[in-house]
Amino acid sequence: MSKIDLKKEIRVIKDFPKKGVSFKDVTTILKSPKALKYTIDEMSDYIEDKKVDIIVGPEARGFLFGVPIATKLNLGFVPVRKPGKLPFQTHNVDYDLEYGTDKLEVHVDGIQKGQRIAVVDDLLATGGTALATSRLMEKVGGEVACLNFIIELTELEGRKKLNKYDIQSLVTYEI
Ligand code: PRP
Ligand code: MG
């Protein structure tokens, strides 16, 4: 696999969605065959060594990268969604937002007890989404083998919150 400078493939948009935030836009990776393949290959290679049984991705951007990784590794994919989106019975977990709390849900039959899980998402910021997803996976009897991100915002120290987990990130930004 030829190495590419993935940072060059990520579009950074200043002051979106609000002033002071520098948004990391992965749609520029998605539309580039080379960058997309590189991203999926790098994350799949990492996950392949972890004896993973199933890929899990939180909505929405976790779906975009989780499914092609699952396909490449001959694994299935289980979506984790915001409340009210999954049609069958669900288990859920509460998690903290900047203001208030929210929930994430997974189908009751999504994860089998003892399955080893890779949680795939585009971005590690505060770590709230990844922590809630991981707790939900443990609540339903799964084992979180690794957390895999394209981008990590190091200043927000999401890793501290997730210190018991094995984490991969392909590129880092301070903020
Ligand atoms: C973004 C991103 C991660 C999460 C990271 O998702 O895709 O899932 O934030 O932030 P955290 O580490 O502070 O939890 P967002 O909730 O904006 O929604 P989307 O994926 O549906 O676009
Ligand atoms: Mg997201």
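The structure under discussion appears in the preceding block.
The sections below set out a description of the structure shown in this document. Keep in mind that what you see is a predicted model, and the values were worked out from it rather than measured. (Residues numbered from 1 in each chain as written. Chains lettered and ligands numbered in written order. Predicted model: local features only at pLDDT ≥ 70, side-chain atom pairs only at ≥ 80, totals over all residues. Heavy atoms only, no water.)

Quick look at the site of ligand 1 now. If you check the shell around ligand 1, you find Glu59, Ala60, Arg61, Asp121, Asp122, Leu123, Ala125, Thr126, Gly127, Gly128 and Thr129 and nothing else. Taking alanine 125, its main chain carries an N or O atom lying 2.9 Å from an oxygen atom of ligand 1. Contact between ligand 1 and glycine 127: an oxygen atom at 2.7 Å from a main-chain N or O atom of the residue. Isolated, ligand 1 exposes 500 Å² of accessible area, and the fraction of that covered by the protein chains is 72%. Among the elements that take part in the shell around ligand 1, strand 7 (residues 116-124) stands out by supplying three residues, more than any other. Residues belonging to the shell around ligand 1 are distributed by class as follows: three nonpolar, four polar and four charged. (Near = heavy atom within 4 Å. Polar contact = N/O pair within 3.5 Å; in protein donor to acceptor, adjacent residues only side chain to side chain. Areas by Shrake-Rupley, 256 points an atom, 1.4 Å probe, with all protein chains shown as cover. Helix = DSSP H or I, 4+ residues; strand = E, 2+ residues; numbered from the N terminus. Nonpolar A, V, L, I, M, F, W, Y, C, P; charged D, E, K, R; others polar.)

On to the packing of aromatic side chains. As enumerated under the stated definition, the model contains two aromatic pairs in all. When the ring of phenylalanine 16 is compared with that of phenylalanine 23, the centres are 5.2 Å apart and the planes differ by 85°; the resulting orientation is edge-to-face. Residue phenylalanine 16 is classed as partly exposed on the basis of its relative accessible area of 42%. Among the residues examined, phenylalanine 23 registers a relative accessible area of 21% and is labelled partly exposed. Note on phenylalanine 63 and phenylalanine 77: the rings are 5.9 Å apart at their centroids and 85° apart in plane angle, and the pair reads as edge-to-face. With phenylalanine 63 in helix 3 (residues 61-72) and phenylalanine 77 in strand 4 (residues 76-80), this pair connects stretches of sequence that are 14 residues apart. Since its relative accessible area comes to 23%, phenylalanine 63 is described here as partly exposed. The ring of tyrosine 173 is capped by lysine 7, whose NZ or CZ atom sits 4.5 Å from the centre of that ring. Across the ring face of tyrosine 173, the terminal group of lysine 24 is positioned such that the distance to the ring centre comes to 4.9 Å. (Phe/Tyr/Trp six-rings, centres within 6.5 Å; stacked < 30°, edge-to-face > 60°. Buried < 20%, exposed > 50% of the residue type's maximum accessible area, 1.4 Å probe, protein only. Lys NZ or Arg CZ within 6 Å of the ring centre and 35° of its normal.)

Here we take up helix 3. Those residues of helix 3 that fall on the buried side of the exposure criterion are Gly62, Phe65, Gly66, Ile69 and Ala70. Here the buried residues of helix 3 occupy an arc of 135° about the axis, which is enough to place them on one side. Elements that come into contact with the buried residues of helix 3 comprise helix 1 (27-30), helix 2 (33-48), strand 3 (54-58), strand 4, strand 7 and strand 8 (143-153). A positive phi of about 60° marks asparagine 74, the residue just after helix 3. (Arc of directions from axis to C-beta. Contact = heavy atoms within 4.5 Å.)

Further remarks concern the sheet that holds strand 3. Taken in spatial order, the five strands make up an open sheet running 4-3-7-8-9, and their pairing is parallel. Single-partner strands in this sheet number two, and they are strand 4 and strand 9 (167-173). The average angle at which neighbouring strand axes cross in this sheet is 20°, direction not considered. Note: strand 3 against strand 4, five bridges, orientation parallel. The residue of strand 4 that forms the bridge with isoleucine 55 is phenylalanine 77. (Pairing = 2+ DSSP bridges. Axes fitted to C-alpha atoms, helices over the stretch in contact; angles between N-to-C directions.)

Note on placement: leucine 30 falls in helix 1. In this structure the C-alpha to C-alpha distance between leucine 30 and asparagine 74, which are 44 residues apart in sequence, comes to 21 Å.

Further remarks concern the pattern of salt bridges. Within the structure shown, the criterion is met by 13 salt bridges. In this structure, the salt-bridge partner of aspartate 25 is arginine 11, at a minimum N-O distance of 2.8 Å. Here aspartate 25 is found in strand 2 (residues 22-25), whereas its partner arginine 11 is found in strand 1 (residues 11-14), with 14 residues between them in sequence. Taking relative accessible area as the criterion, aspartate 25 reaches 8% and is therefore assigned buried. On the basis of relative accessible area, arginine 11 is assigned to the partly exposed category, the value being 42%. (Salt bridge = Lys/Arg side-chain N within 4 Å of Asp/Glu carboxyl O.)

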